[in-house]
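If you want the building blocks of each chain, they are given just below.
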Amino acid sequence: MTDLADRRQMAYIAAQAADARVNVELEAEGMNLNIGPQHPATHGTLRIVVQLDGEQVIAADPMMGYMHRGYEKLSEVRTYPQVTTLINRIDWLGSFANEVPFILGAEQLMEIEAPPRARWIRTVLFELARIANLTLFLGDMGVQLGAVTPVFYAFRDREYIVNQIEAVTGGRFHPNFDRIGGLKDDLPAGWIADTKVALGEIRDFCDQMEDLLVGNEIFEARTRGIGVIPADVGLSYGLSGANIRGSGVDWDLRRDSPVGQGQGLAYNEVDWKVWTHPDGDSFARYWVRLQEVRESCRIVEQLLDGLPSGPIMAKVPRIIKVPAGEAYVATENPLGVMGYYIISQGGLEPFRVKIRSASFSNMSITPWLLKGAYVPDVITILASLYFILGDIDR
Amino acid sequence: MSTMVGTLFGAEFAYWQTSGFRLLMAFVAVLLPAGGTVYLYLFKMVSFMQSRLGPMEAGPYGTLQLVAELGKNVQKEDIIPAQADVFVFKAAPYVVLISTFLLVLVVPFGPDAVFADFDTGIFFALAVSSVSVIGILMAGWASASKYSLLGGLRAAGQLIAYELPLVLAVVGVVIQAGTLSVQGIVTSQAEGEIFGWGGVGNPFFLTQLVGFFIFMVAVQAELTQSPFDMPIAESELVAGYMTEYSGFRFLMFFIGEFATANIFAFLAASLFLGGWSLPPFVADALFADGNFSPWMNLVGPAVMGGKMLLLTFVIYWVRFTYPRFREDQLQSFAWKFLIPLALANIAVTGLLKVVF
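Residues numbered from 1 in each chain as written. Chains lettered and ligands numbered in written order. Predicted model: local features only at pLDDT ≥ 70, side-chain atom pairs only at ≥ 80, totals over all residues.

**A word on the overall build of chain A**
- Check the secondary structure of chain A and you find 16 helices and 8 strands.
- Relative to its length of 394 residues, chain A is compact, with a C-alpha radius of gyration of 21 Å against a globular reference of 21 Å.
- Projected onto the principal axes, the alpha-carbon positions of chain A cover approximately 65 × 45 × 35 Å.
- Counting every position in chain A, which comprises 394 residues, the buried fraction comes to 53%.
- Put simply, of all contacts in chain A between residues at least 6 apart along the chain, 72% involve residues at least 24 apart. (Helix = DSSP H or I, 4+ residues; strand = E, 2+ residues; numbered from the N terminus. Rg over C-alpha atoms; globule rule 2.2 N^0.38 Å. Buried ≥ 20, exposed ≤ 12 C-beta atoms within 10 Å, placed from the backbone. Contact = placed C-beta atoms within 7 Å.)

**Points about the overall build of chain B**
- Helix and strand content of chain B: 12 helices and 2 strands.
- Each helix (α) and strand (β) of chain B, taken in turn from the N terminus, gives the series β-β-α-α-α-α-α-α-α-α-α-α-α-α.
- Scaling as 2.2 N^0.38, a compact globule of 356 residues should have a C-alpha radius of gyration of about 21 Å, and chain B matches this with 21 Å.
- With the C-alpha coordinates of chain B rotated into their principal frame, the extents come out at 65 × 45 × 40 Å.

**Quick word on the pairing of strand 2 (residues 47–53) of chain A**
All names here are of chain A.
- Of the pairings in the sheet, the one linking strand 1 (residues 31–35) to strand 2 comprises 5 bridges and is antiparallel in character. Each residue of the ladder has a partner; that of M31, found in strand 2, is L52.
- Pairing geometry for strand 2 and strand 3 (residues 56–63), over 7 bridges, is antiparallel. Counterpart to I48 in the pairing with strand 3 is P62.
- In this antiparallel pair of consecutive strands, strand 2 and strand 3, the connection spans 2 residues, and G54 shows a positive phi of 65°. (Pairing = 2+ DSSP bridges.)

**Quick word on the nonpolar core**
- If you look at the biggest cluster of nonpolar residues, it comprises 215 residues, and the most contacted ones within it are A:L125, A:I202, B:F215, B:A218 and B:A268.
- Per element, the largest residue contribution to this core is 16 residues, and it comes from helix 5 (residues 116–144) of chain A.
- Setting aside residues up to four positions removed in sequence, A:L125 forms contacts with A:F96, A:I165, A:V168 and A:F177. (Core = buried A, V, L, I, M, F, W, Y, C linked by C-beta atoms within 7 Å.)

**A short note on the interface of chain A and chain B**
- With 26 residues of chain A at the contact, the number on the chain B side is 24 residues.
- When residues of the side of chain A that touches chain B are traced back to their parent elements, those giving at least two are strand 1, helix 5, helix 6 (149–169), helix 8 (217–223) and helix 15 (375–385) of chain A.
- Considering only residue class, the side of chain A that touches chain B consists of 17 nonpolar, 6 polar and 3 charged. (Nonpolar A, V, L, I, M, F, W, Y, C, P; charged D, E, K, R; others polar.)

**Quick notes on the pairing of strand 6 (residues 325–333) of chain A**
Residue and element names in this part refer to chain A.
- As paired strands, strand 6 and strand 7 (residues 336–344) are joined by 9 bridges and run antiparallel to one another. When the sheet's bridge partners are listed, T331 is paired in strand 7 with M338.
- The antiparallel pairing of strand 6 with strand 7 creates a hairpin that spans 2 residues between the two strands.

**Structural notes on the sheet that holds strand 7 of chain A**
Residues and elements named next belong to chain A.
- Read from one edge of the open sheet, 3 strands run 6-7-8, paired in antiparallel fashion. On the outer flanks of this sheet lie strand 6 and strand 8 (352–356), each paired with one strand and no other. The mean inter-strand angle of the sheet, taken between neighbouring strand axes irrespective of direction, is 10°.
- Where helix 4 (residues 95–110) meets the sheet, it contacts strand 6 and strand 7, and its direction lies at approximately 150° from that of strand 6. (Axes fitted to C-alpha atoms, helices over the stretch in contact; angles between N-to-C directions.)

**Structural notes on the packing of helix 1 (residues 15–49) of chain B against helix 11 (residues 296–319) of chain B**
Residues and elements named next belong to chain B.
- Contact geometry of helix 1 with helix 11 gives a least axis separation of 11 Å together with a crossing angle of 40°. By the angle between their axes, helix 1 is oblique relative to helix 11. Between helix 1 and helix 11 lies a crossing of right-handed hand. Two secondary-structure elements touch here, helix 1 through P33, T37, Y41, L42, M45 and V46 and helix 11 through G305, M308, T312, F313 and Y316.
- Within the contact of helix 1 with helix 11, the residues separate by chemical class into 8 nonpolar, 3 polar and no charged. (Parallel < 35°, antiparallel > 145°, perpendicular 65-115°, else oblique. Left-handed = near helix turned anticlockwise from the far one by under 90°.)

**Overview of the confidence of the model for chain B**
Residues and elements named next belong to chain B.
- In the predicted model, chain B carries a mean pLDDT of 82, and 96% of its residues have values of at least 70.
- Averaged pLDDT values over the elements of chain B bottom out at 58 in strand 1 (residues 7–8) and peak at 88 in helix 8 (residues 209–222).
- For the stretch residues 1–5, pLDDT sits under 50, and the model shows 9 contacts to residues farther than four places along the chain or on other chains.
- In the predicted complex, the global pTM is 0.81; the interface-specific ipTM is 0.75. (pLDDT = per-residue confidence, 0-100.)

**So, unusual backbone geometry**
- Located in the positive-phi region is A:N176, a residue other than glycine, with phi close to 50°.
- Turning to its location among the elements, A:N176 is positioned in the loop between helix 6 and strand 4 (178–179).
- The class of A:N176 is partly exposed, set by 19 C-beta atoms lying within 10 Å.
- Within the chain, B:S51 stands out as a residue other than glycine whose phi angle is a positive 50°.
- With respect to the helices and strands, the residue B:S51 is situated in the loop between helix 1 and helix 2 (65–75).
- Since 12 C-beta atoms lie within 10 Å of it, B:S51 is described here as exposed.

**Some thoughts on the sheet that holds strand 2 of chain A**
All names here are of chain A.
- Ordered in space as 1-2-3, the 3 strands form an open sheet in which the pairing is antiparallel. Sheet topology places strand 1 and strand 3 at the edges, where each strand pairs with a single neighbour. Averaged over all adjacent pairs, the angle separating strand axes in this sheet is 20°, with direction ignored.

**Digging into the environment of B:Y322**
Residues and elements named next belong to chain B.
- By the element assignment, Y322 lies in the loop between helix 11 and helix 12 (327–355).
- C-beta crowding within 10 Å serves as the criterion here: with 24 such atoms nearby, Y322 is assigned to the buried category.
- Taking C-alpha positions, Y322 is 6.5 Å from S226, a pair spaced 96 residues apart along the chain.

**Regarding helix 5 (residues 131–142) of chain B**
Residue and element names in this part refer to chain B.
- In this model, helix 5 (12 residues) spans 17 Å end to end at C-alpha, consistent with the 16 Å of a helix rising 1.5 Å per residue.
- Judged by how many residues are buried, helix 5 sits mostly within the fold: 10 of 12 residues are covered.
- Residues of helix 5 that are buried include every one of S132, V133, G135, I136, L137, M138, A139, G140, W141 and A142, and no others.
- Packed against the buried residues of helix 5 are helix 3 (86–104), helix 4 (121–129), helix 6 (146–177) and helix 9 (247–272).
- Looking at the residues trailing helix 5, positive phi occurs at A144, about 60°. (Expected span 1.5 Å × (residues − 1).)

**Points about the environment of A:P350**
Residue and element names in this part refer to chain A.
- Structurally, the position occupied by P350 is in the loop between strand 7 and strand 8.
- C-beta crowding within 10 Å serves as the criterion here: with 25 such atoms nearby, P350 is assigned to the buried category.
- Each C-alpha atom, one on P350 and one on S75, is 7.0 Å from the other, the two residues being 275 residues apart in sequence.
- If we ignore the near neighbours within four places in the chain, the residues touching P350 are S75, E76, Y80, I342, I343 and S344.

**Focus: the environment of B:L126**
Residue and element names in this part refer to chain B.
- Counting through the fold element by element, L126 comes out in helix 4.
- C-beta crowding within 10 Å serves as the criterion here: with 17 such atoms nearby, L126 is assigned to the partly exposed category.
- Spatially, the C-alpha atom of L126 lies 9.8 Å from that of L164, the residues being 38 residues apart in sequence.

Right, dumping it as structure tokens:
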């Protein structure tokens, strides 16, 4: 990816950043612009205070917390099965994925293992949540860049996946389906065939996005070389998910953690690939997510083909009391690494739950990344970092 | 032909009658196509492109949606920001709309159906089209909003940059037609011949294909439509210079935007697609005087309407397909690509004009 145009873009960005630094040194009087908390580009209530010189950003300061709902504290007064109802609402586009690490953490503390069939179906739903989440990103990126049409296709085709999630769990947005020791129910009849059809639609959608956006000269001009995150900087800011894989770091907890490899999720049973991109720019992040949706389709199809039979629930006491102890379980969620640090003192409720959500950490790089960018690029960069407000302010 | 304006089908009309009729028709020529294209393309076509239905409730297939929108906007509260420069804030939409009405003056709709047949018609049109820049700058500055200011300044930079390819693209046509009058350009296309065959006249898009392309791209930018909609970029500047406007004033900007799209399409049709004239072999079969029969004053507007729909279809199609250029990218597109191309087009056209 180092043809002439790209290198020119990089040089241009470097020059921009240098200009911005000079301006800071001269203490040029800038204009403060509030992007948010009510703004079309923030999908909620994120507020970024940027200091502008002309259209160039001198300093950017994200202000979070407008949507803080206190889930960590609320979890302390709820029993373990009740907590999943709350944490469904953290990343509201891929809700099921929020439940999984918490349940796995509780299972670890109770030393219960879900039966194989439950593990496989859990993985299937986990991946469907990822598809439901990332398809919307693939369309939304177009809206942020001024192409309104892709997001309508995204909503249309995401509907197939949401319908499949609803068919199993009864909830389109908030499934609340994962249980300690397994799942609430088995798959309904005929679901596997329907899901394969839905996956076909998602594949068509990915091809469509590739035609509409990835192959579009304007899209490339707007995203290539914009918001470049070098791998070491990204790691030092704690980026995860496609944001760090877009910078060429081959790190995916589905493959690299014991939880993904059989202890709770069944990624070790299927043949799949972790996609990375060496560039680290907005285009790379988009491209990686596009490939991840396709890879998720592959994973789900393989899992559905080899679904083992057996019970859906392990033997679990009727009243769940988690023995005293501490557990941290992180999984590779649609937005990045999501982890729950659970401390139990042996009661019905967790003593303390710390939620490590992906968007909050991904957000932390914005002051570094936005420096020297133009206002239009601010939107590109924020869109490509892909955060969900519920995931930033739990 | 402009001397014959007072008579139609042999009947004489008084000055006040023709003036009143023209005034009425100016409103029709601006508002009717604006409403038509907004409903057809902005509401319906784009909905079908985006796999949705668009307005369906107001009237059959949502045909009365425009009335509903009008009612909605008229009854909205008229908000003027506390810090705004009130007079300039209020005047800005009128300036934009006036530019639209001035633009339609030179568009001919038939051999006699012209509002004003200036000898330098196209020059006048290109000059008044930039009046809207003043209105947009006024709106951006007077709103006392940072988003509006950024949008207004972006719009000013962009509209001035794309004024140049717009003018240069027209120069090729003017060289070929040998006149600056829009009516004259249409007539020369209707009477033109392709290697001695006058069956379809000589619409200039055949010879000025490059000019046509540049003109349409520049029109897209002049209208601040995607991919050149940086000034009103809704995902970053909320609505650019229109951010603080509500109710009827917003509606005026809205009408100005879409009416100008149609009038530029009218102009493009006149310059490149033969304007109101039918292909001569059709016109000759229909009327005794061919394209210059008085009946063409009635057929002409329909022909223009058809061509306008064709061109605005392309404008909206592009608008809803492409992402937007960044400000510097669209500037370099204008200065480094469109303007050199337009200059080369003029040179080649001039050369061929001398040779043939």
